[in-house]
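Structural features, examined
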Amino acid sequence: MDAGDSALVWASPGVSLVSKRVLASPVSGPLSVAAPQPSPESAGVGDAANGAGGAANGALSRTPEVQMAEPLAASPPWIGDEMRYRRIMTPPVCVEPERMVTPDVAQTYMHNENLDPRLVPNFEMDFDSLEHAYEFYRHYAELAGFNIKRNRKRDKKESEGQEFCCSGEGKHKSKVAVVDRQRDHTSKRGGCKAMVLARTTGVDGRACYTHIVLEHNHKLVPTPSMTRRMRSHKKQDPAVVKLVDTMHAGHVAHVNVMRVLRRFAGGSENLHLTERDIQNRRAAQVREERVDDIPKLQAFFRECKLNNPQFFYEFQVDDKNVVKNVFWSHASQQGDYADYSGVVTFDTTYKTNQYSMPLAMFVGFNSQLQNVVFGQALLRDEKADTFEWLFKQFRACMGGRDPIVIFTDQDPSIEKAVREVFRSTYHRYCRWHVTNKYRLELNQLNAQHPGLSDTLTSVINHPLSPAEFVGAWEAMLDKYSVHESRVLAKLFDERKMWIASYFKEIFCGTMTSTQRSESVNNVVKRGYCDNSTTIHEFAKSFLECLEHTRENETRETYNSQGPSVPYTQYRYDKQLARVYTRAVYHEFKERFLSSTAFFVRPHPNKANYFLVSHTRPPTEFPWLQHEFWVKAIVKRDVPEESVFECECMRMEHTGMFCPHLVCVLTNLQVEHIPSKYIPKRYTREAKVATAFDRHDRMFSGPSGETKASRMLELLPDWCALQQSSVMSSEAVSKCKELLRQALDVVKEIPHDVGPSAPTAAAQNPVQEEQRVSASAPPVSNTKGGRRGSVAREGGDAVPAPHFNRPQTTEHTRRCSTCHRSGHNAATCGREPPPKRPRGRPVGSGRGRGRGGRKGGGGRGYVEDDIDEEDYEMELDDECGSESEY
């Protein structure tokens, strides 16, 4: 075979099969690289024979020829694998030889030759001041592609002047040995001589360049993606910075912040801020927020008090005058309590602030069947005395009005406090908390006795009277032989506090558990706070949450202005569609549909009594499908004196008609429903007149104009001014000058909207507030607190290390050895903490760092320059602190 046919042999099926068989067989010796060429007549037979021989002897008898350099002495076993090497691959492109030569130290680099000469510094230029000279050189450096700085080591003996030089000027002297370096970054200072020297001349203060060096000893990078990372070319656009701060305040994720900025600037090349700049700004904001937390909270409460004097807040302090508990309620929340104060659920949730203080909320429901919060508090512990103080503050805030019923979990501290404060209130347990407390034990019972879970659910929900419940419970124990179960015994012993059969006569509305509190907890933690939120920031975010729920309520109220479309043509149905809110009438329609599953029979001996039976006969559980006695006295001449009662007592328990009553109303052709059966809280006129303003903030002036209306009034003129100005650079400069002058004039005019208005300050004088310490509270040690945050000596929980910094604006001088405050290096006696690399992200991603929060969000980064707080955190880790960040 000729050499020219080697490619055909290489890709032939016969060679491929031989190669694969060779790979599968053991190789005892070196492979042959040369073999006698078979004749064309015996090519096929030879291939088969060689294949068999290769498989038997483990040697390759024929190797395809390849047009390349000298063959290897021993070819790799994979060289014949057709699937991996179909052809000879070309080697990768290597670097040019001249690139490997050490560059000439005398070689210089300058700006691009196409750069406009008018933008290059020369000796004929003069400027109004040294600052203008610096700005011109900075603009030239941005176009040329290098970073500049002010050389502050010059001697200014002759005259006032300043040297502006390349940031690569001088040589860096490392204080750390090469083997001890913890960073791979080296200094960019390489002795570059490029600079300009600007001096002031004459009495008018003008400046000019007296010395210019344009040659650099390093390459220049004039691309925008590189120059915007240089410190001297970063531009802080006030509009962009304000936008960034607004998005950070709204907890916008970092990746979404960058997406908005790129679209705002028309591309990343037009954005003069890098991602690290945005991260550093957020880290600085987080550190600033954590300083003076309690004074900032008091300032926010004072502002709320100026907006509306009905705002209520109260602090409880410990023996050191440090804030222990805080309760507050806005005017709108107190107005909601005046409207819907019948049923309240109370629950606590965790991981809403940086001190792990449990958030306690009083939650109810409004006429739209939506959640409303009446008041909230942050507590340091969950003891009976704490809850008693909280309930007293809530009662005082609401004018001494106790709720009809309050639902809580099975906390003995809460139960004791309710008995002491809400003496006329019915206290019941949340059904979900009771069953969830024994979830594991109940799951084990259900695994041992299939069907027990469904039976237990039906026993809890369906029996009407206490006697029926006891009978159903005993039947369940007999059926599954679970008389010895301690869990079921405990549930039965507490039946009066959570089984609805024992308090059907109490009005509970649509609430039988604290599920509404759980829903509010989810909303608060999902979009408004996390476990790194400060207290004052949490209070502000909670007000935003209230405004969000108020907006939902307003939207539903607006949609409910017109009467609902009646479900049927019955007269009483049209009446309820007109009176009920849209959400409540929707509930009534569902019960009307359920009423069609019953039929009515009058009592044979008692007048005005009817037996309502389900169309399906009782099946496995007789209490599931009752026969209900309904009393209905219809007085058509005096409709308000009509009487309607049902044995199930759902009307008394929920305030809504049950399907059994609806079935009787339909059967008797009732035309009018008495007002005593329509709770006001379910109607369109649920709100009552209050003696105070319900608005939490002041939005209107003395003439009735609002801030929104004034903004709309200014918007057309502002848009016209902007569109006309952007057409020329001179117009933009003139517009900016006039706007600055107008802003100076407007700032002198006093406000008539908001808490700073003089009329508001005169009408709402701030009362003397309680004096509390400015120190931040310690991290709470509760069942929802951070793990491992218990004090070493059994006291209060130890604050997280990043709270060790004094909560004041002025910080004491720290020791140069351990970086602690209060002593110096001579009396320290501690080993200095090891240094860590600068500029690494702390708590980035899904971790918890300083200012970090789960899921990113741009909160977990630190600046390039390490500060004293970083050393303090490291020292806490070195001392064995178990605090979790």
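Residues numbered from 1 in each chain as written. Predicted model: local features only at pLDDT ≥ 70, side-chain atom pairs only at ≥ 80, totals over all residues. Heavy atoms only, no water.

Under the criterion given, the structure shown has 40 aromatic pairs. Ring centres of Phe127 and Phe136 lie 5.5 Å apart, and the angle between their planes is 45 degrees; on these two criteria the pair is classed as tilted. Here Phe127 matches Phe136 in class, with each residue buried. What links up through ring pairs into an aromatic cluster is the set Phe312, Phe327, Tyr337, Phe346, Phe362, Phe374, Phe387, Phe391, Phe394 and Phe422. (Phe/Tyr/Trp six-rings, centres within 6.5 Å; stacked < 30°, edge-to-face > 60°. Buried < 20%, exposed > 50% of the residue type's maximum accessible area, 1.4 Å probe, protein only.)

Our focus in this paragraph is the sheet that holds strand S14 (residues 609–614). In spatial order, the strands read S13-S14-S15-S16; together these 4 strands make up an open sheet with antiparallel pairing. Sheet topology places strand S13 (598–602) and strand S16 (643–646) at the edges, where each strand pairs with a single neighbour. Ignoring which end each strand starts from, the neighbouring axes of this sheet average 25 degrees apart. Where strand S15 (residues 627–633) and S16 come together, 4 bridges link them in antiparallel fashion. (Pairing = 2+ DSSP bridges. Helix = DSSP H or I, 4+ residues; strand = E, 2+ residues; numbered from the N terminus. Axes fitted to C-alpha atoms, helices over the stretch in contact; angles between N-to-C directions.)

Of note, Glu640 is situated in the loop between S15 and S16. Each C-alpha atom of the pair Glu640 and Ser675 lies 6.9 Å from the other, and the pair is 35 residues apart in sequence. What Glu640 contacts, discounting residues up to four positions off in sequence, is His672, Ile673, Pro674, Ser675 and Lys676. At 3.1 Å, the side chain of Glu640 and the side chain of His672 are in polar contact. (Contact = heavy atoms within 4.5 Å. Polar contact = N/O pair within 3.5 Å; in protein donor to acceptor, adjacent residues only side chain to side chain.)

This part covers the confidence of the model for the protein. Per-residue pLDDT for the protein averages 77, and the proportion of residues at 70 or more is 72%. Per-residue pLDDT, averaged within each element of the protein, yields its smallest value for helix H28 (residues 868–878) (33) and its largest for helix H11 (residues 384–397) (96). Note on residues 787–814: pLDDT is under 50 here. Beyond four places in sequence and across chains, it has 73 contacts. Throughout residues 816–831 the model reports pLDDT below 50, and contacts reaching past four residues in sequence, or to other chains, amount to 32 contacts. (pLDDT = per-residue confidence, 0-100.)

What follows concerns the packing of helix H14 (residues 439–448) against helix H17 (residues 486–493). Interaxial distance between H14 and H17 falls to 9 Å at its minimum, and their mutual angle equals 120 degrees. The orientation of H14 with respect to H17, classified from their angle, is oblique. Where H14 crosses over H17, the handedness of that crossing is left-handed. Across the interface between the two elements, Glu441, Leu442 and Leu445 from H14 touch Val487, Leu488 and Leu491 from H17. When grouped by side-chain class, the residues that make up the contact of H14 with H17 number 5 nonpolar, no polar and 1 charged. (Parallel < 35°, antiparallel > 145°, perpendicular 65-115°, else oblique. Left-handed = near helix turned anticlockwise from the far one by under 90°. Nonpolar A, V, L, I, M, F, W, Y, C, P; charged D, E, K, R; others polar.)

The tally for this structure, following the rule as stated, stands at 27 salt bridges. With its nearest N and O atoms 3.0 Å apart, the salt bridge here joins Arg550 to Asp336. On the criterion of sequence distance, the pair formed by Arg550 in helix H20 (residues 535–559) and Asp336 in helix H10 (residues 331–339) is long-range, its members being 214 residues apart. Note on Arg550: relative accessible area 24%, which makes it partly exposed. In this structure Asp336 comes out as buried when scored by relative accessible area, which is 2%. (Salt bridge = Lys/Arg side-chain N within 4 Å of Asp/Glu carboxyl O.)

Turning our attention to the nonpolar core. Core analysis: the largest hydrophobic core is formed by 45 residues, its most contacted members being Leu576, Tyr580, Phe657 and Ile673. Secondary-structure elements contributing two or more residues to this core are strand S11 (405–408), helix H21 (571–579), helix H22 (582–595), S13, S14, S15, S16 and helix H24 (659–668). In terms of nonpolar packing, the next biggest core, distinct from the first, is built from 30 residues, Tyr313, Leu359, Met361 and Leu378 among them. (Core = buried A, V, L, I, M, F, W, Y, C linked by side-chain atoms within 4.5 Å.)

For H17, the set of buried residues is Val487, Leu488 and Leu491. End-on view of H17: buried residues confined to an arc of 95 degrees, all on one side of the axis. Exposed and oriented more than 90 degrees from the buried face of H17 are Arg486 and Asp493. Contact partners of the buried residues in H17: helix H13 (431–437), H14, helix H16 (466–480) and helix H18 (495–498). (Arc of directions from axis to C-beta.)

A few words now on helix H12 (residues 412–421). Listed in full, the buried residues belonging to H12 are Ser413, Ile414, Ala417, Val418 and Val421. Burial along H12 is one-sided: seen end-on, the buried residues are contained in an arc of 135 degrees. In H12, the exposed positions that point more than 90 degrees away from the buried face belong to Pro412 and Arg419. Packing partners of the buried residues in H12 comprise strand S8 (343–349), H11, S11 and strand S12 (426–429).

This brings us to a nonpolar patch on the surface. Together, Leu712, Leu715, Trp718, Leu721 and Leu739 line one region of the surface with nonpolar side chains, adding up to about 460 Å² of accessible area. Element by element, the count of residues in the nonpolar patch is highest for helix H25 (residues 707–725), at 4 residues. The class of Leu715 is partly exposed, set by a relative accessible area of 42%. (Patch = residues over 30% accessible without salt bridge, like charges linked within 9 Å, V, L, I, M, F, W, Y side chains within 5 Å. Areas by Shrake-Rupley, 256 points an atom, 1.4 Å probe, with all protein chains shown as cover.)

As a further point, take the sheet that holds strand S5 (residues 206–213). Read across the open sheet, the 5 strands follow the order S1-S5-S4-S3-S2; overall the sheet is antiparallel. The strands lining the two open edges of the sheet, one partner per strand, are strand S1 (126–127) and strand S2 (148–151).

Another point: the side chain of Arg495. Counting through the fold element by element, Arg495 comes out in helix H18. Although Arg495 is buried, it forms no salt bridge, and the closest oppositely charged side chain is Asp493 at an N-O distance of 4.9 Å. Arg495 has contacts with Phe469 and Tyr502, leaving out every residue within four places of it along the chain. (Lys, Arg positive; Asp, Glu negative; His and termini not counted.)

In the case of a regular strand, side chains alternate between the two sheet surfaces. Most of strand S7 (residues 323–329) sits out of view: 6 of its 7 residues are buried. Looking at chain direction, strand S6 (residues 312–317) and S7 are connected through 6 bridges and run antiparallel. When the bridges of S7 are listed, Gln316 appears paired with Asn325. Between S6 and S7, which follow one another and run antiparallel, lie 5 residues, and Asn321 among them has a positive phi close to 65 degrees. The pairing of S7 with strand S10 (residues 371–378) spans 3 bridges and is antiparallel. From the neighbouring strand, Phe327 faces S10, where its bridge partner is Ala377.

For any two helices packed against each other, one specifies the inter-axial angle together with the distance between the axes. The contact between helix H9 (residues 293–307) and H20 brings their axes to 7 Å, and the two run at 30 degrees. What the angle tells us is that H9 and H20 run roughly parallel. Touching Asp293, Ile294, Lys296, Leu297, Phe300 and Phe301 of H9 are Ile535, His536, Ala539, Lys540 and Leu543, all from H20. Its residues placed into classes, the contact of H9 with H20 shows 7 nonpolar, 1 polar and 3 charged.

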